[in-house]
Amino acid sequence: MNASVSIDARSGRRVSRRPSTAPSTTEAATPASAWRLGLRAFGRDRIAVASAVFLLLVVLASICAPLLTPYSPTMGDPVNRLAGIGTEGHPLGLDGQGRDILSRLLYGGRNSLVVAVVPVLVVFPIALMIGLFAGYKRSRAGELLMRILDVLFAFPLVLLAIALSAVLGAGLANVMLSIGITLVPYMARVAYTATVQESGKEYIEAARAYGANVGHLMFRELAPNVVANLTVYATTLCGLMIVVAAGLSFLGVGVVPPTADWGIMTSDGSSVLLEGIYHIATIPGIVILLVALSFNLVGDGIRDALDPRKQTS
């Protein structure tokens, strides 16, 4: 490091000065990453955070069901059947076969959450690939694929799921398969629309002018932005699938009894509603409502967190 030489105005002597090596206090701070900005924006949404915490508690309670309750979800006590809320040893009462409702609620969360979330997770990469291929290439094959998926939009999601479940038969695996098939056109359409919108933006043109190949454009430039939009939609779909899965079990084409499931619990309780016994159907119904609503609120929070205007506000 070279020293600078100057002349003292008073003495006329030469004075050598070495440049200071201390860091400047005015140095600009490194900008926060997009991930941190999004996480901070999500953290400012108290409703979304509370919903995420509630979902986490529901998942943990379902996983730890054997540790939280001493009762079997399938074995009943006929003597105390239809006992109400607050019964000794059974805080949420018992159902028509004398089974502990709290135990069935905790164990049933495993099946209800798996049926609702796993199909969404499986369909997610499939829909992403379809959307990227059809939306960016704009080839005849891509357009034909989207037209085939559009045909499925002629059938309401719930009715299509019921029809597929009736054909495939009841059971956990068949229910997930039927729900997964019904989700493909919806999620693929969202991925396709996001790809078309992003393809015309300046950063794609800049990458293309720089010489990026098709693979780089689709998976390094387009995919992260499409994934963000698809994640928001998939989160809200999880809430809808909770209701759909419960409805399939309620109609008898979902999870097979006596397996604990929130839809089956609601169906069991509906047979005694006219007798003035409400807790059997009401409790799982409230849980379904809260979980579905929480997924939607978390999805709204993620959408706002990914909005640059909300990140900087």
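Calculation criteria
- Residues numbered from 1 in each chain as written.
- Predicted model: local features only at pLDDT ≥ 70, side-chain atom pairs only at ≥ 80, totals over all residues.
- Heavy atoms only, no water.
- Helix = DSSP H or I, 4+ residues; strand = E, 2+ residues; numbered from the N terminus.
- Contact = heavy atoms within 4.5 Å.
- Areas by Shrake-Rupley, 256 points an atom, 1.4 Å probe, with all protein chains shown as cover.
- Buried < 20%, exposed > 50% of the residue type's maximum accessible area, 1.4 Å probe, protein only.
- 1 Å grid on protein atoms, 1.4 Å probe; cavity = no way out; pocket = protein on both sides within 12 Å on 5 of 7 lines; lining within 4 Å.
- Points joined across faces, edges and corners; volume = space filled by probe spheres on them.
- Nonpolar A, V, L, I, M, F, W, Y, C, P; charged D, E, K, R; others polar.
- Polar contact = N/O pair within 3.5 Å; in protein donor to acceptor, adjacent residues only side chain to side chain.
- Phe/Tyr/Trp six-rings, centres within 6.5 Å; stacked < 30°, edge-to-face > 60°.
- Axes fitted to C-alpha atoms, helices over the stretch in contact; angles between N-to-C directions.
- Left-handed = near helix turned anticlockwise from the far one by under 90°.
- Parallel < 35°, antiparallel > 145°, perpendicular 65-115°, else oblique.

With respect to the overall build of the protein chain
Along the backbone of the protein chain there are 12 helices and 2 strands. Reading the helices (α) and strands (β) of the protein chain from amino to carboxyl end gives β-β-α-α-α-α-α-α-α-α-α-α-α-α. Long-range contacts, defined as pairs at least 24 residues apart, comprise 67% of the intrachain contacts of the protein chain with a sequence gap of at least 6. Summed over all atoms, the accessible surface of the protein chain reaches about 17,500 Å², with 65% contributed by carbon and sulfur.

A short note on unusual backbone geometry
The general pattern is negative phi for most residues beyond glycine and trans for most peptide bonds. Omega for the bond connecting proline 257 with proline 258 falls within 30 degrees of zero, at 5°, which places this linkage in the cis form. Here proline 258 shows up in the loop between helix H9 (214–251) and helix H10 (262–270). Positive phi is not limited to glycine here, since leucine 82 has a value of about 70°. The residue leucine 82 is located in the loop between helix H3 (65–68) and helix H4 (101–137) in this model. Take leucine 82: its relative accessible area is 18%, and that puts it in the buried class.

A few points about the layout of surface pockets
Volume-wise, the second largest pocket comes out at about 200 Å³. What lines the second largest pocket is simply Val190, Ala228, Asn229, Val232, Tyr233, Thr236, Gly299, Asp300, Arg303, Leu306 and Asp307. Going through the elements one at a time, H9 and helix H11 (279–305) are the ones with two or more residues in the lining of the second largest pocket. A per-class count over the lining of the second largest pocket returns 5 nonpolar, 3 polar and 3 charged.

Quick notes on the side chain of serine 112
Tracing the backbone through its elements, the reader meets serine 112 in helix H4. Within polar-contact distance, the side chain of serine 112 engages the side chain of aspartate 261 at 3.2 Å. Once residues lying within four places of it in the same chain are set aside, the contact partners of serine 112 are Ile242, Asp261 and Trp262.

What about the packing of aromatic side chains?
This model, assessed by the stated rule, comprises 1 aromatic pair. Here phenylalanine 153 and tyrosine 186 contribute two aromatic rings whose centre-to-centre distance is 4.8 Å and whose plane-to-plane angle is 65°, an arrangement assigned as edge-to-face. Here phenylalanine 153, found in the loop between helix H5 (140–152) and helix H6 (157–168), pairs with tyrosine 186, found in helix H7 (residues 172–199); they are 33 residues apart in sequence, far enough to count as distant. By relative accessible area, tyrosine 186 is classed as buried at 18%.

What about the side chain of asparagine 111?
Inspection of the secondary structure puts asparagine 111 in helix H4. Judged by its relative accessible area of 16%, asparagine 111 falls in the buried class. Asparagine 111 has contacts with Leu172, Thr259, Ala260 and Asp261, leaving out every residue within four places of it along the chain.

Considerations on the packing of H6 against H7
For any two helices packed against each other, one specifies the crossing angle of their axes together with the interaxial distance. Contact pair H6 / H7: the axes reach a minimum separation of 9 Å and the direction vectors enclose 145°. Along this stretch, H6 crosses H7, giving a crossing that reads as right-handed. Touching Leu157, Leu160, Ala161, Leu164, Ser165 and Leu168 of H6 are Asn174, Leu177, Ser178, Ile181, Thr182, Leu183 and Tyr186, all from H7. Here the contact of H6 with H7 is composed, by residue class, of 9 nonpolar, 4 polar and no charged.

Describing the packing of H4 against H9
Taken N-terminus to C-terminus, the directions of H4 and H9 make an angle of 150°; their axes are 8 Å apart at the nearest point. Taken together, the axis directions place H4 and H9 in an arrangement best described as roughly antiparallel. Crossing angle aside, the handedness with which H4 passes H9 is right-handed. When the residues that make up the contact of H4 with H9 are grouped by side-chain class, the tally is 26 nonpolar, 2 polar and no charged.

Let's talk about empty space enclosed by the protein
Throughout the structure, instances matching the rule amount to 1 cavity of 30 Å³ or more. Taken as a whole, the largest cavity encloses approximately 40 Å³ of empty space. Along the walls of the largest cavity sit Asp95, Ile101, Arg104, Met265, Asp268 and Ile280, which together make up its complete lining. Every element with two or more residues in the lining of the largest cavity is listed here: H4 and H10. For the lining of the largest cavity, a count of residues per class yields 3 nonpolar, no polar and 3 charged.

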